[in-house]
Structure formats: structure tokens, C-alpha cells
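Each chain is listed here by its residues.
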Amino acid sequence: MINIPKGTKDVLPSESYKWQYVEGVARETAQLFNLKELRTPTFEHTELFQRGVGDTTDIVTKEMYTFRDKGDRSITLKPEGTAGAARSFIENGMANGVLPAKMYYITPAFRYERPQAGRLREFHQFGVEIFGSKSAQTDAEAVVVADTLLKKLGLQVKLCINSIGCPTCRAAYNKALKEFFAPHVENLCYDCKTRFEKNPLRLLDCKEENCKKLNADAPTILQYLCEDCAAHFESFKTCLDLAGVAYEIDPRIVRGLDYYTRSVFEFISTAIGAQGAVCAGGRYDGLIEDIGGSAMPAVGFAAGIERLLMVMEHTGVEIPAPSVPTVYLAGMDEACRNKAFEIAVRLRKAGIFAEIDHMERSIKAQFKYADKIGAKYVAVIGGNELSEGKANVKCMATGESEGVCFEDMCAYFLGK
Ligand code: HAM
């Protein structure tokens, strides 16, 4: 027997309605904010993520599904949606179109991480990207989109925000971080020694106990923001206040991807353990330029669909049940089953949810099956019914039965 690859999951037919519900609410929310769907390929040139996500990040150094295709190109399954969206924005000349360009996506993403509850190797994101606006109001708008979605889904989560400044303030902050960590370099983990040299901000992201302890006393970026970034952060907070969205400032949020500038945020749930970030994002004013476009401010976020579903399950949020067949047509023998089949075809053409027997079961067993799938009515066709041209229709809720002519079935079930 061949098993499913580690860190991946089947969404079974009995469970998929939950996904459809979350995705439906996400699409509905996107529409309220004039966000249009973008679909990009599942794989991109590896270089896009190296330059976009950053080649000192865990994602790029350890977690990418990278392979050479038959044309000897280095290809990577997308570990997230932003880099592909940015590539598409540039390649399709969206900068010359109407700005801001507001879009959303629902996409699988792939990261070779150690699987655990809420952490998969293939997972799914609902993401939003807004290109073209540098205003802090747009950062708040992105947060409000996420907040609206989470509230519509009935999730109770905490919003944490921070600003990680621009390259100017980052330079001063990186210098301060280097000064702070310099006496401790020997005690840092292997990866952090490289981070110390190449990208000190990433030191704050380390999950190793020893490094985490050191990080606790490290200087925080908020003290190093330049005047413009500090003012931008103030505006961001003002707009969140205006929107009535509660937040905490957490100066330790630096995010695991290199493209961020200024505002960053995470929505955290305490219901699902260590992998509590259900939704995260921020501003990334340098990304478009970094991957070959002209300077273009942008902001966005992504929510992990598996994590949203996990929180909903753990906190007992009810997901509307999928619809059930209006009528199950039960046939006694082959001739009756053929009549049931013919009527079912007609009913479905009229938009009526109908089901029939596919297993050649007895009438009793067909009733049992109809009950199991929640059919509202069972229309029985036996020898007598066939010769009279009438089915015996039983309402499963009341137990009442009546004869309905085969020709009248559509009219009878429409609107039931
Ligand atoms: P991220 O924080 O890496 O950001 O991922 C966003 C969300 O995806 C996380 O909050 C989490 O819910 C989910 N997620 C991430 N990794 C996994 C995993 N291994 N298993 C299950 N769920 C996971 C980004 O991906 C950015 N592109 C977000 C963004 C969009 N920033 C600006 N625009």
C-alpha cells in the first residue's frame, strides 16, 4: 500500500464542505473590499523566492521543494503566495493599470518543515495583496480584511502588530543587534552564526532555546525607527483605532520572510498550541524592485486555511452542514430502477437535488441509505407504481405518504 506523503492531508468528500465554507466566506469577504482573484502557477523559478523571500530565511535555506525540470531549470513549488503575485504584477504590467491593484488568492503552498499539529508540508493559504499604495491606511485596510474574515468565521484571536522600519532604520538597528550579540557569538547556534554575519534581524527569529534566551534582552526595533517610519506606524495605529480593531504592540515580531518593511502583524489563536499564527502579513515596499520591477509599495497578508479550520474545530464553531438530497428515488426491480433513473435525470435538469440506488439494494436497504444521506423525501417505485405511473412519495420528517404522478414530480419537488 502506498501512503500519503508525510506532512500532507487528504480533504475527504465528507469533510470538504468545511473547506468550501471557509473559502466561500473568504471570497465573500474579498468581494466586500474590491479584491479580485489572482491565480498564479504552483511552481516558479527558484530565483524568484531566493530574491523575494530572502536567501537567509529558513524558508529558502531549508524548506523549499526545489528540483530541476527536464529542461534543467531550477524550479520551486511555491512556499507562499506573495512572491508569485509580485512576479505576476510586474510581468503583466499591472503598474500601468489602475492602482491600487487589489487582489486575493487561495493557493496550496509547500514547505519542507517538521510536521506537527497545524504545521504541514503542503498547506493552503487565503492571501491578499494590495499594490501601489504607501499609505498606512492601506496597511490598516489589509488588517481589517483579515479581521473581517476571522470574525465572520467566528474566531477569537489576538492581533499583534509591530513596525520593522525601512532599510534606513534597519541599518541602524542591525548595527545595534550586532553590538548586542557580538559578545555571545560563540553561544549562538550554527544558523545564527551565519545570521549574525548576513542578516542580524533573522537572529530574533531563531527557535533554539539558547538563542531565544539571548533574544529576550536584545534591543527592539521600535527604538530605532526613523522619523518617517515612526510617523507611518502612528498612522497605522490611528487607522486601526478608527476601524475599532483591537491590537497589541509586540516589538519582537520580525516575520520569517525578508521582504517586509514597516508594518507587520500576526493574528494569534491560543486554541491550537504552538502553531497559533492563523494569519500574518505586513508591508513590503522593496519586493517589487528586488525582483526586477520599478519601485512599488505593497501590503498584504495570508491566512492558513488548515489553521483556521483547526481553531474553528477546537473552539466549537459550527460550520453549516452541506445540503441534503431533496428526494431519493427507490426502485424495486430493474424496470423500476430504470424509471427512477429517468425521473432523476429530469429532476436534476430542473435543478432538484435527487439521488437514486446504484447498488441494487432491496427497498428496505434503500430506505436505510436514504435516511443515512438525509434525503428529505423518498419516492418509491414498485411494480404497482410503475403500472399506475405514480410514485409513492414519503416525507421523511413527518412519515406521511402520497402518490405523485411521474410527470408531476418536477413541479412537486421544486421549492421543497
Ligand atoms: P507566513 O507567516 O509565512 O506569511 O504564512 C502565513 C500563514 O500561513 C501563517 O500564519 C499560517 O497560518 C500559514 N502557514 C505557514 N506555514 C504553514 C505550515 N507549514 N503549515 C500550515 N500552515 C502554515 C506568508 O506566507 C506571507 N506570504 C504572507 C503575506 C502576504 N505577507 C504579505 N502578503
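Residues numbered from 1 in each chain as written. Predicted model: local features only at pLDDT ≥ 70, side-chain atom pairs only at ≥ 80, totals over all residues. Heavy atoms only, no water.

Visitor: Looking at this structure, I do not really get the nonpolar core. What am I missing?
Guide: Where a protein is soluble and globular, its nonpolar side chains tend to be buried together. In this structure, Phe-131, Phe-236, Phe-265, Phe-267 and Phe-301 are the most contacted members of the largest nonpolar core, which totals 94 residues. Counting residues in hydrophobic clusters, the runner-up holds 22 residues, among them Cys-336, Ile-343, Ile-352 and Cys-395. (Core = buried A, V, L, I, M, F, W, Y, C linked by side-chain atoms within 4.5 Å. Buried < 20%, exposed > 50% of the residue type's maximum accessible area, 1.4 Å probe, protein only.)

Visitor: Help me understand the packing of helix α5 (residues 136-152) against helix α9 (residues 227-243) in this model?
Guide: A pair of packed helices is characterised by two quantities: the angle between their axes and the separation of those axes. Here α5 crosses α9 at 45°, and the two axes come no closer than 8 Å. In terms of their interaxial angle, α5 and α9 are classed as oblique. Considering how the two elements wind past one another, α5 and α9 form a crossing that is right-handed. Here Ala-136, Gln-137, Asp-139, Ala-140, Val-143 and Val-144 of α5 lie close against α9, whose contacting residues are His-232, Ser-235, Phe-236, Cys-239, Leu-240 and Ala-243. Along the lines of polarity and charge, the residues of the contact of α5 with α9 split into eight nonpolar, three polar and one charged. (Axes fitted to C-alpha atoms, helices over the stretch in contact; angles between N-to-C directions. Helix = DSSP H or I, 4+ residues; strand = E, 2+ residues; numbered from the N terminus. Parallel < 35°, antiparallel > 145°, perpendicular 65-115°, else oblique. Left-handed = near helix turned anticlockwise from the far one by under 90°. Contact = heavy atoms within 4.5 Å. Nonpolar A, V, L, I, M, F, W, Y, C, P; charged D, E, K, R; others polar.)

Visitor: Would you explain the pattern of salt bridges in this entry?
Guide: Where side chains of opposite charge bring their charged atoms close, a pairing between them can arise. Within this structure, the stated rule accounts for 26 salt bridges. Note that Asp-58 is salt-bridged to Lys-62, the shortest N-O span being 3.8 Å. Taken as a pair, Asp-58 and Lys-62 lie in helix α3 (residues 58-63) at a separation of four residues, close to a single helical turn. A salt bridge links Glu-248 to Lys-158; the nearest nitrogen and oxygen atoms lie 3.5 Å apart. Residue Glu-248 is located in strand β8 (residues 248-249), and its partner Lys-158 is located in strand β7 (residues 158-163); the two are separated by 90 residues in the primary sequence. (Salt bridge = Lys/Arg side-chain N within 4 Å of Asp/Glu carboxyl O.)

Visitor: So what exactly am I meant to see when it comes to the site of the ligand here?
Guide: Near the ligand, the surroundings consist of 26 residues, among which Glu-80, Thr-82, Glu-113, Glu-129 and Tyr-260 are the closest. Taking Arg-111, its side chain carries an N or O atom lying 2.9 Å from an oxygen atom of the ligand. Side-chain polar atom of Tyr-259 to a nitrogen atom of the ligand: 2.9 Å apart, as the coordinates give it. Protein contact buries 96% of the 660 Å² of open area that the ligand shows by itself. Residue assignment for the shell around the ligand shows that the elements contributing at least two residues are β6 (122-131), β10 (277-283) and β11 (298-304). Here the shell around the ligand takes six residues from β10, the largest share from any one element. Across the shell around the ligand, the residue classes tally to twelve nonpolar, seven polar and seven charged. (Near = heavy atom within 4 Å. Polar contact = N/O pair within 3.5 Å; in protein donor to acceptor, adjacent residues only side chain to side chain. Areas by Shrake-Rupley, 256 points an atom, 1.4 Å probe, with all protein chains shown as cover.)

Visitor: Sorry if this is basic, but what is going on with a positive patch on the surface here?
Guide: On the surface, a cluster of positive charge is made up of Arg-361, Lys-364, Lys-368 and Lys-372. Given the relative accessible area of 31%, Arg-361 is considered partly exposed. (Patch = residues over 30% accessible without salt bridge, like charges linked within 9 Å, V, L, I, M, F, W, Y side chains within 5 Å. Lys, Arg positive; Asp, Glu negative; His and termini not counted. Charge placed at Lys NZ, Arg CZ, Asp CG, Glu CD.)

Visitor: Is there a simple way to explain the environment of Leu-309 in this structure?
Guide: Structurally, Leu-309 is set in helix α11 (residues 305-314). Leu-309 sits in the buried class, given a relative accessible area of 12%. Distance from Leu-309 to Cys-405, taken between C-alpha atoms, is 45 Å for residues 96 residues apart in sequence. With residues up to four places along the chain from it excluded, the contact list for Leu-309 reads Lys-18, Trp-19, Val-22 and Ile-319.

Visitor: Would you take a moment to explain helix α12 (residues 334-349) for this structure?
Guide: One turn of the α-helix equals 3.6 residues, which is why residues spaced by three or four share an orientation. If you check α12, its first and last C-alpha atoms are 23 Å apart, about what 16 residues at 1.5 Å a residue would give, namely 22 Å. Of all the positions in α12, only Cys-336, Arg-337, Ala-340, Ile-343, Ala-344 and Leu-347 are classed as buried. Take α12 and look down its axis: the buried residues cluster within an arc of 125°, on one side only. Exposed residues pointing more than 90 degrees away from the buried face of α12 are listed as Glu-334 and Lys-349. (Expected span 1.5 Å × (residues − 1). Arc of directions from axis to C-beta.)

Visitor: Sorry, what's going on with the packing of aromatic side chains here?
Guide: The geometry of an aromatic ring pair is captured by the separation of the ring centres together with the interplanar angle, meaning the angle of the planes. Tallying each qualifying case throughout the model produces 15 aromatic pairs. Ring geometry for Phe-89 against Phe-131: centres 4.5 Å apart, planes inclined by 20°, an arrangement best described as stacked. Of the two residues, Phe-89 is situated in helix α4 (residues 82-91) and Phe-131 in strand β6; the sequence distance between them amounts to 42 residues. Grouping aromatic residues by their ring pairs yields a cluster made of Phe-89, Phe-131, Tyr-259, Tyr-260 and Tyr-284. The positively charged end of Lys-416 is found above the aromatic ring belonging to Tyr-412, 4.5 Å away from the centroid. (Phe/Tyr/Trp six-rings, centres within 6.5 Å; stacked < 30°, edge-to-face > 60°. Lys NZ or Arg CZ within 6 Å of the ring centre and 35° of its normal.)

Visitor: What exactly am I supposed to notice about the sheet that holds strand β16 (residues 401-405) here?
Guide: Two strands in a sheet stick together by hydrogen bonds in their backbones, pointing the same way (parallel) or opposite ways (antiparallel). The strand order across the open sheet built from five strands is β13-β12-β14-β15-β16, with neighbouring strands paired in mixed fashion. Unpaired on one side and paired on the other, β13 (354-356) and β16 mark the two borders of the sheet. Ignoring which end each strand starts from, the neighbouring axes of this sheet average 30° apart. Summarising the sheet, strand β14 (residues 377-381) and strand β15 (residues 390-395) pair through four bridges and their orientation is antiparallel. When the bridges of β15 are listed, Ala-379 appears paired with Val-393. Relative to the sheet, α12 contacts β12 (327-331), β13 and β14, its axis offset from that of β13 by approximately 160°. Against the sheet, helix α13 (residues 363-372) makes contact with β12, β13, β14 and β15, and its axis sits at roughly 170° relative to β12, the strand it touches most. (Pairing = 2+ DSSP bridges.)

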